[in-house]
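For reference, the chains in residue letters:
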Amino acid sequence: MNLEASTQQLSYIANQASDARVNIELETEGMTLNLGPQHPATHGTLRIIVRLDGEQVVSAEPVMGYMHRGYEKLTEVRTYPQVTTLVNRIDWLGSFANEVPFILAAERLMEVEAPPRAQWIRTALFELSRIANVVLFLGDMAVQLGATTPVFYAFRDREFVLNQIESVTGGRFHPNFDRIGGIKDDLPKGWIQETKDVLARIHSFCDEMQDLVVGNEIFQTRTRGIGIIPADVGLSYGLSGANIRSSGVDWDLRRDGGVGLIHDQLDWKVWTHPDGDSFARYWVRLQEVRESCKMVDQILDGIPSGPIMAKVPRIIKVPPGEAYVETENPLGVMGYYIVSKGDLVPYRVKIRSASFNNVSITPWVLKGVYVPDVISILASLYFILGDIDR
Amino acid sequence: MSSPDTTEEGLVEESIESQEDLIIDEERDVLVESIKKDLGSDFIDSHVTPQIDIWIRVTQKAWLETARVLFEKYEMSFFNFLSAIDWKPSPFGRDMDAAIDNTDDEVDIESEMEWGVTGGEKRFQLLARVHNPVTNIGINIKADLEGDFPEVETWIPVYPGANWHEREVMEMFGISFTNHPNMVNLYLPTEFEGNPLRKDFPLLSRRAKPWPGIVDVELMPGEDDDETEESGEET
Amino acid sequence: MEKAVIAMGLVENGKLPGPLTKLLNISRKYSLWVYQWGLACCAIEMGAAFASPRYDVMRLGVIPFPASPRQADLVVISGTVTDKMAPAVRRLYEQMPEPKYVISMGSCANCGGPYWDSYSVTKGVDQIIPVDVYVPGCPPRPEALLEGIVLLQERIASEDMTDRWNRDPIVVT
């Protein structure tokens, strides 16, 4: 931990300790609080055992596995096209984004490359699924802090994005649309104009959230200075995505990764925030939705014509080898390490999911905070249970 | 595509490769050479895919040392993942749709092990990846492990994020980590028996009722409808 | 309050005169308190059905706000039930007061779905609790869930408590 960050963290803890002085005088007893496995703040079935001294957290230990479905074993008995069906359901809010790194890794092993049009459509859907994912976070975070209105807005506007994804892929939630060597279908007629209208809606939704949530004084007092994660600690825990960018690390695989998506041909910006607190994480995600809207807008203007599928054999056998491909998914860095032995099925697939690492910092970051802050910190880390447990 | 250090054969292959692709990744080659110098005899093998990725293989006893070197000297500050690979093929066949797997007879699968990139010697291989977010170079580290229930040193002193990954590897592969503060199951209930990601762990549902096989193949866009040929194959 | 308790007991035993049972059934039908039980992907579709203005389940008389299973009449098992989660599912179900109804939403809760061969997934929530309505899909659209709720309401409207336990479950098609 660098000096500045540790001072920040220490002063935060010291402030809270002075607030809790009355507890020391009263000689409080320790208490164990069980959050979950079914709790609205945990987005599913995460269970956290929190040991408390008064209102202050002494230690927090997440218990996982309530959503463990054994993905890595199941991929070993499924063919490559079947695996995409499965991996859709890892991060169920941005399903299409889950397929992309897997398909890219298989393509790298097979040495095929999707034609330009397929890559552009892939990127558009990738960013649309990011919007569908993060928009729900923007509403949900406010719910965790006691404001119920934003989540209704989020569900309202998310429906339009899902409609657009559905009209291309046929799947509202789990598209299963990406193929090795391209994509399944071309865009339907009139899709581009409809999507532009939806993007305008999302833009106004972001403005709404800016006024309603970010500008809200209660929201600011409950999130600013809460749950500070210094950059070096975050990196060594493997935090990625907006969680690490809000600690000031300027690193985005869409810009720096250089894998088969076309983000480098678009004009956009990577947002960072120096604070590393809950507020910064919300703010960075809000900006990212705006950037995604900008990206999709540019993609819609510039989709090249041409085929959508490269030449690949009907029965897909991936040549022997190993490949690791990671992309910047809505929740952070998601990667697939594929070991192939030239068979119909992968020999071993290691799924590096973003939330797993993002949540692994909770014992560190929850130490010394107050009970209400536990909820706001968990909400701001933004995890999805399927992405943790796989 | 082997790095220039191993054998003469590797050297020849490298030169042919670079002539063909005209890609020489000096940055990564230099990095691998430098790591090799730091680790000395604990460095076994390496592999560089130009512009894409690096693999290195180290000995089991240098596992923690490798992490320390990569973290302190090469500023690989981003911990990506830690996992393992079981290289011994499954005795149950592939549990897949091939005709051989649906028969009741004992499936005869050759049990010889074949290793992937950078080779290997033992059944279990640890696999980890760390990344430098500044230069954007990631590195995959492998290490062969002795025995059926191997033990290896934990990475927590260097990368605290390895904590949960190691617990996962412990329950999935039966590889335990020394000096780990909390070596208990992460996902599975404590009474769960077996290590699911070992290749000899059977998926009982599949044993009880095998997958019916490829019954409908989705046509690729642009391909003509030739169902007659497929149905002919199936019957 | 005391009267209500007696009335509930009478409904349970099926000893009320027909018209009164019908009246009670109608009032139960339009005040189904549903316990939020988000498990997996289906939970988001359930959220879309419950919380989004487009689907708005409250117009059907379903109230999705109880924070405790002790206040709920209906539970939607939305998502994959794992072997580790199963005891908790069973326990929360047992905390609900009678009469209680269960909707199993999505393929995972119905039969294991895409994880039919997994080592850690319970293949069907009906192995641990009785299910009244099965809603198929992966995940089902919110409309499908709403149809399941409407079918359940129709059944409640004509329910006779004595043979309640002998019926086949509804399968939404």
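Heads up: the structure comes first, above all this text.
Residues numbered from 1 in each chain as written. Chains lettered and ligands numbered in written order. Predicted model: local features only at pLDDT ≥ 70, side-chain atom pairs only at ≥ 80, totals over all residues. Heavy atoms only, no water.

*Asks:* I tried to follow the sheet that holds strand β7 (residues 332-340) of chain A on my own but got confused; where do I start?
*Replies:* What links the strands of a sheet is backbone hydrogen bonding, and the strands pair in either a parallel or an antiparallel sense. Residue and element names in this part refer to chain A. The sheet built from 3 strands is open, its strands ordered β6-β7-β8 with antiparallel pairing. Pairing within the sheet leaves two strands with one partner each, and these edge strands are β6 (321-329) and β8 (348-352). When strand polarity is set aside, the average angle formed by the axes of neighbouring strands in this sheet is 10°. Sheet topology places β7 next to β8; 5 bridges connect them, and they run antiparallel. (Pairing = 2+ DSSP bridges. Helix = DSSP H or I, 4+ residues; strand = E, 2+ residues; numbered from the N terminus. Axes fitted to C-alpha atoms, helices over the stretch in contact; angles between N-to-C directions.)

*Asks:* Just checking my understanding: could you explain the interface of chain A and chain C for this structure?
*Replies:* Interface size is often expressed as the accessible area that is lost when the parts come together. Contacts between the two partners involve 33 residues from chain A and, on the opposite side, 34 residues from chain C. Summed over both partners, the interface of chain A with chain C buries about 2,700 Å², with 62% contributed by carbon and sulfur atoms. Our count for the chain A to chain C interface comes out at 3 salt bridges. Arg172(A) is paired through a salt bridge with Glu45(C); the nearest N and O atoms lie 2.7 Å apart. Only α3 (71-75) and α7 (149-169) of chain A provide two or more residues apiece to the side of chain A that touches chain C. In terms of residue count, the dominant contributor to the side of chain A that touches chain C is α7(A) (8 residues). When the residues that make up the side of chain A that touches chain C are grouped by side-chain class, the tally is 16 nonpolar, 8 polar and 9 charged. (Contact = heavy atoms within 4.5 Å. Buried area = accessible area lost by both parts, 1.4 Å probe. Salt bridge = Lys/Arg side-chain N within 4 Å of Asp/Glu carboxyl O. Nonpolar A, V, L, I, M, F, W, Y, C, P; charged D, E, K, R; others polar.)

*Asks:* Teacher, can you tell me more about helix α13 (residues 278-302) of chain A here?
*Replies:* Along an α-helix, a turn takes 3.6 residues, which lines up residues three or four apart on a common side. The first and last C-alpha atoms of α13(A) sit 36 Å apart over 25 residues, in line with the 36 Å expected at 1.5 Å per residue. Here α13(A) lies mainly inside the structure; 20 of its 25 residues are buried. (Expected span 1.5 Å × (residues − 1). Buried < 20%, exposed > 50% of the residue type's maximum accessible area, 1.4 Å probe, protein only.)

*Asks:* Where do I start with the pairing of strand β2 (residues 53-58) of chain B in this structure?
*Replies:* In the case of a regular strand, side chains alternate between the two sheet surfaces. All names here are of chain B. The buried fraction of β2 amounts to 6 of the 6 residues, a majority that puts the element mostly inside the structure. Where burial is concerned, the two faces of β2 agree: the one with Asp53, Trp55 and Arg57 and the one with Ile54, Ile56 and Val58 are both buried. Note: strand β1 (residues 43-49) against β2, 6 bridges, orientation antiparallel. Looking at the pairing, histidine 47 lines up with tryptophan 55 of β2. The antiparallel pairing of β1 with β2 creates a hairpin that spans 3 residues between the two strands, and glutamine 51 there sits at a positive phi of about 70°. The pairing of β2 with strand β5 (residues 137-145) spans 4 bridges and is parallel. Each residue of the ladder has a partner; that of isoleucine 56, found in β5, is isoleucine 141.

*Asks:* I'm lost on the nonpolar core in this one. Help?
*Replies:* In globular proteins that are soluble, nonpolar side chains generally tend to be buried together. Judged by nonpolar contacts, the single largest core of 207 residues is most densely connected at Ile131(A), Trp63(B), Leu82(B), Leu126(B), Trp155(B), Ile175(B) and Ile77(C). Top element by residues in this core is helix α6 (residues 116-144) of chain A. It accounts for 16 residues. Once residues within four sequence positions are removed from consideration, Trp63(B) is found in contact with Val58(B), Leu82(B), Leu126(B), Ala128(B), Ile141(B), Lys142(B), Ala143(B), Val152(B), Glu153(B) and Trp155(B). Core analysis: the second largest hydrophobic core is formed by 25 residues, Cys42(C), Val62(C), Met105(C) and Ile170(C) among them. (Core = buried A, V, L, I, M, F, W, Y, C linked by side-chain atoms within 4.5 Å.)

*Asks:* Quick question: what am I supposed to make of the interface of chain B and chain A here?
*Replies:* The interface is formed by 59 residues belonging to chain B together with 51 residues belonging to chain A. Of the roughly 4,700 Å² buried between chain B and chain A, counting both surfaces, carbon and sulfur atoms make up 59%. Counting every contact that joins chain B to chain A gives 4 salt bridges. We note a salt bridge from Lys142(B) to Glu322(A), for which the minimum N-O separation is 2.9 Å. Run the count over chain B and chain A and you get 21 residue pairs in polar contact (both at pLDDT 80 or more). (Polar contact = N/O pair within 3.5 Å; in protein donor to acceptor, adjacent residues only side chain to side chain.)

*Asks:* Looking at this structure, I do not really get the packing of α6(A) against α7(A). What am I missing?
*Replies:* Helices that pack against each other are described as a pair by the angle of their axes relative to one another and the distance between those axes. Residue and element names in this part refer to chain A. Relative orientation of the contacting elements α6 and α7 amounts to 165°, with a least axis distance of 8 Å. Accordingly, the angle class assigned to the pair α6 and α7 is roughly antiparallel. As for how α6 packs across α7, the hand of that crossing is left-handed. From α6, Leu125, Leu128, Ser129, Ile131, Ala132, Val135, Leu136, Gly139, Asp140, Ala142 and Val143 reach across to α7, where they touch Pro150, Val151, Ala154, Phe155, Arg158, Val161, Leu162, Ile165, Val168 and Thr169. Tallied by class, residues from the contact of α6 with α7 come to 16 nonpolar, 3 polar and 2 charged. (Parallel < 35°, antiparallel > 145°, perpendicular 65-115°, else oblique. Left-handed = near helix turned anticlockwise from the far one by under 90°.)

*Asks:* Just to check I follow, could you spell out the packing of aromatic side chains for this structure?
*Replies:* Enumeration over the complete set of coordinates arrives at 22 aromatic pairs over all chains. Measuring from ring centre to ring centre gives 5.4 Å for Tyr324(A) and Phe81(B), while their planes differ by 50°; the resulting arrangement is tilted. Residue Tyr324(A) is located in strand β6, and its partner Phe81(B) is located in strand β3 (residues 78-86); the two belong to separate chains. You'll find Tyr324(A) and Phe81(B) in the same group, each marked buried. Centroid distance Phe79(B) to Tyr159(B): 5.6 Å. Interplanar angle 35°. Geometry classified as tilted. With a gap of 80 residues between them, Phe79(B) in strand β3 and Tyr159(B) in the loop between β6 (151-153) and α5 (162-173) connect regions that are remote in the sequence. On the basis of relative accessible area, Phe79(B) is assigned to the buried category, the value being 0%. Overall, the relative accessible area of 0% leaves Tyr159(B) in the buried class. Three or more aromatic residues joined by ring pairs make a cluster, and in this case those are Phe137(A), Phe219(A), Phe279(A), Tyr282(A) and Tyr382(A). (Phe/Tyr/Trp six-rings, centres within 6.5 Å; stacked < 30°, edge-to-face > 60°.)

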